Amino acid sequence: MPKRRRSSAIPDSDSLSESLSEQDSDPSVSDGVSTRRKASKSANKTRKTRTFPPPKAVESASFSTAPTHSISTHVVANSEVEQVRKSLLAWYDKVHDIRGMPWRKRYDPSLGREDRAQRAYEVWISEIMLQQTQVATVIPYYNRWMTKFPSIADLAASDIETVNGLWKGLGYYSRAARLLKAAQKVVKELDGRLPDNAKDMQAKIPGVGRYSAGAVCSIAYNECVPVLDGNVHRLLSRFLALHAPPKGKQTLDILWAGATAFVQNSSRPGDINQALIELGSTVCKVREPACSDCAISSWCQAYKRTQGASSQEGTGHDADIEELCTLCEPLPADERETGLVTIYPMKVERKKAREELDIVNVVEWRREENSQRWFILVRRPEGGLLAGLHEFPTVAAVSDSLAASKDDPGILDKWLSNLFIDPPSFFFKGSNSQEVGSETTGTLRVAMIKPVGDVVHVFSHIKKTYRVQWVILEGGDKPPELQSGSRLPTVPTREMIEGNGKDKRRKVSRTSRGGSASTSAAQWVPLDEVESTNIGTGVMKVWKLTKSLWE
């Protein structure tokens, strides 16, 4: 099943990203203000004396000579746009219902204001869910969501625990928190209706950028505004034979202009945008695109090149030197010879995910006869990675010195003292599965500390290794009382580091800390309720590995 990605990691739509802040959560690519007009005026002033150096030499033998084609190659021709639209919409009308997306409905111009606002809510929810997630995965989540929150007012009246419960397993939990926050703002400040134009949608709704605003307003309100997600970026890069840095400002200016040309003055802008997304997702794929099935291949510059009509060579010799494209990079010689459209968009080296080590403590309290077992879960802050979800007490992105000393009783003692009103006492009897305790019956004590193992969980930008240990507390008739509004440090503290008083902490990112707050509330949860709590996939891996020690 093709993935409908909504990431700014262009052009490959198979990339992921969890760290979606309110400023960058929208999956559209950036749209800088174009400077071509200023550049053109400057060029006019010096045209009489301007000289043009020869194309710079390409050092690597794997690249061809610099392209010599007109900049007009990268513009959707006015003379063709109506034909392209007609072919695109004819194809879309045939495939509209194939994948059974419940949010995809025919535009109905007879809808009143309230009904159009309801459609905007439905499209908005679907677009946020589809970010970085397969369509087949989203469908059941969307159906459950609309059953629970049939209107934006129903969502606004909910709470983060309920919202995260519905979102559980979908990933990128900050999206759910932003939906709740935005819904509450809409009900409170915007009379319960999402804005009916992309400009206000982008300006007033948290987490909505140019792409999402364009998608919602073109589909629900029939506004002639474009979209540019990963699928459309790839499709238009091929349609316009644009081989330039995919995230560069000039590249994005050209692609946004191309997307605009498709919907400008159209009677069906929402259908055109959905058709472009669908075509990019199912036909003009990252690998093995089905050009023979493409509704717009007759006008595609990349496809013409594969058929022998080069769009990167030859045309420039007849063009005015002032009109030559200076943006495109040389085509790789080896791929050029194969004649594939997959040479577009330009490939960029993917940034390697950074690696971090977290110390995870699965802290259990049990009655001595094992009749009751409770575990501590900590709720993460509302912003950042895994916003609002629960996890076992964790020290994130630890320094090497702390990782090496995690079994030190002094470190654990200081850590536990931040958690309990009356911290447990303990002493060590062994070295590996360490049994510790007190001779006094009924006194809260650390009965055992046992290494569990490592769990690796990969986000798009972070490779997390969770180093897990199981800490068993015994004593008393009920779980020990936590500090009032108990708050745990989620990053290493100076007091937890051993050795000459120096702060050996590494710099910990906002993402790792889970937002601007570095502490979170803790609670006891019964054994049989741990898995039903709102915990992420990585924490579930930690839990199952720990459970394997006693099951």
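Values in this document were obtained by computation on a predicted structure and should not be read as measured data. (Residues numbered from 1 in each chain as written. Predicted model: local features only at pLDDT ≥ 70, side-chain atom pairs only at ≥ 80, totals over all residues. Heavy atoms only, no water.)

Regarding the overall build of the chain
Across its full length, the chain carries 18 helices and eleven strands. The 551 residues of the chain split such that 52% are buried. Restricting the contact set of the chain to residue pairs at least 6 apart, pairs at least 24 apart contribute 73%. Taken as a whole, the chain presents about 25400 Å² of accessible surface, with 49% of it coming from carbon and sulfur. (Helix = DSSP H or I, 4+ residues; strand = E, 2+ residues; numbered from the N terminus. Buried < 20%, exposed > 50% of the residue type's maximum accessible area, 1.4 Å probe, protein only. Contact = heavy atoms within 4.5 Å. Areas by Shrake-Rupley, 256 points an atom, 1.4 Å probe, with all protein chains shown as cover.)

Some remarks on the environment of Val452
Note that Val452 resides in strand β8 (residues 445-458). Counting along the chain gives 17 residues from Val452 to Gln469, while the straight-line C-alpha distance between them is 5.0 Å. Those residues in contact with Val452, other than ones at most four positions away along the chain, are Val468, Gln469, Trp470, Leu545, Thr546 and Leu549.

Things to note about the side chain of Arg234
Along the chain, Arg234 turns up in helix α10 (residues 230-239). In this structure the side chain of Arg234 is engaged in a polar contact, spanning 2.8 Å, whose partner is the side chain of Asn231. (Polar contact = N/O pair within 3.5 Å; in protein donor to acceptor, adjacent residues only side chain to side chain.)

Description of empty space enclosed by the protein
Tallied over the entire structure, the rule returns seven cavities of 30 Å³ or more. Put simply, the largest cavity is a space of about 140 Å³. Lining the largest cavity are 14 residues, with Asp358, Arg380, Glu391, Thr394 and Tyr466 sitting closest to its centre. Of all the secondary-structure elements, those providing two or more residues to the lining of the largest cavity are β3 (354-366), β9 (462-474) and α18 (537-547). Empty space within the second largest cavity amounts to approximately 110 Å³. Lining the second largest cavity are 15 residues, with Arg238, Cys284, Cys291, Cys294 and Cys300 positioned closest to its centre. When residues in the lining of the second largest cavity are grouped by element, the largest group, three residues, is from α10. Looking at the lining of the second largest cavity, its residues break down into 13 nonpolar, one polar and one charged. (1 Å grid on protein atoms, 1.4 Å probe; cavity = no way out; pocket = protein on both sides within 12 Å on 5 of 7 lines; lining within 4 Å. Points joined across faces, edges and corners; volume = space filled by probe spheres on them. Nonpolar A, V, L, I, M, F, W, Y, C, P; charged D, E, K, R; others polar.)

Description of the packing of aromatic side chains
This model, assessed by the stated rule, comprises eleven aromatic pairs. Note on Phe375 and Trp543: the rings are 4.9 Å apart at their centroids and 85° apart in plane angle, and the pair reads as edge-to-face. Here Trp543 lies in helix α18 and Phe375 lies in strand β4 (residues 373-379), a separation of 168 residues in the sequence. Note on Phe375: relative accessible area 0%, which makes it buried. Plain terms: the ring middles of Trp543 and Trp550 are 5.8 Å apart, the flat faces sit at 70° to each other, and that makes the pair edge-to-face. Given a relative accessible area of 25%, Trp550 falls into the partly exposed group. Of the aromatic side chains, those joined through ring pairs into one cluster are Phe375, Phe392, Trp470, Trp543 and Trp550. The ring of Tyr141 carries the charged tip of Arg144 above its face, separated from the ring centre by 4.7 Å. The cationic tip of Arg373 hangs over the ring face of Trp550; the distance from NZ or CZ to the ring centre is 4.1 Å. (Phe/Tyr/Trp six-rings, centres within 6.5 Å; stacked < 30°, edge-to-face > 60°. Lys NZ or Arg CZ within 6 Å of the ring centre and 35° of its normal.)

Considerations on the pattern of salt bridges
For the structure shown, the criterion picks out 23 salt bridges. Across the pair Asp93 and Arg268 runs a salt bridge, and its minimum N-O distance is 2.8 Å. Here Asp93 is found in helix α2 (residues 78-95), whereas its partner Arg268 is found in the loop between α11 (249-263) and α12 (269-282), with 175 residues between them in sequence. The exposure class of Asp93 is partly exposed, given its relative accessible area of 34%. Glu551 is the partner of Lys547 in a salt bridge, and the nearest nitrogen-oxygen pair spans 3.4 Å. In this structure, a network of salt bridges that share partners links the residues Asp93, Asp97, Arg106, Arg268 and Asp271. (Salt bridge = Lys/Arg side-chain N within 4 Å of Asp/Glu carboxyl O.)

Description of the packing of helix α9 (residues 210-221) against α12
Put simply, α9 and α12 touch, their axes get as near as 7 Å, and they point 130° apart. With respect to their mutual orientation, α9 and α12 come out oblique. Handedness of the crossing formed by α9 with α12: left-handed. For the pair α9 and α12, contact is made by Tyr211, Gly214, Ser218 and Ile219 and by Pro269, Gly270, Asn273, Gln274 and Ile277, respectively. Along the lines of polarity and charge, the residues of the contact of α9 with α12 split into four nonpolar, five polar and no charged. (Axes fitted to C-alpha atoms, helices over the stretch in contact; angles between N-to-C directions. Parallel < 35°, antiparallel > 145°, perpendicular 65-115°, else oblique. Left-handed = near helix turned anticlockwise from the far one by under 90°.)

Some details on the pairing of β3
Counting buried residues in β3 gives eleven out of 13 residues, a clear majority hidden from the surface. As paired strands, β3 and β9 are joined by 13 bridges and run parallel to one another. Across the sheet, Leu357 pairs through a bridge with Thr465, a residue of β9. The pairing of β3 with strand β6 (residues 394-395) spans two bridges and is antiparallel. Paired with Val360 across the bridge in β6 is Thr394. Where β3 lies against β4, three bridges are found, and the strand directions are antiparallel. Opposite Glu364, over in β4, you have Phe375 as the bridge partner. (Pairing = 2+ DSSP bridges.)

A few points about the pairing of β9
For β9, the buried fraction is high: eleven of the 13 residues fall into the buried class. What sits between the antiparallel neighbours β8 and β9 is a turn of three residues.

Looking at the nonpolar core
Taken as a class, soluble globular proteins show a tendency for nonpolar side chains to be buried jointly. Trp124, Trp145, Leu155 and Phe392 are the most contacted members of the largest nonpolar core, which has 73 residues in total. Counting residues per element, this core draws most heavily on helix α3 (residues 113-129), which supplies eight residues. If sequence neighbours within four positions are ignored, Trp124 has contacts with Ile152, Leu155, Leu179, Ala182, Ala183, Leu194, Met201, Ile205, Val208 and Val216. (Core = buried A, V, L, I, M, F, W, Y, C linked by side-chain atoms within 4.5 Å.)

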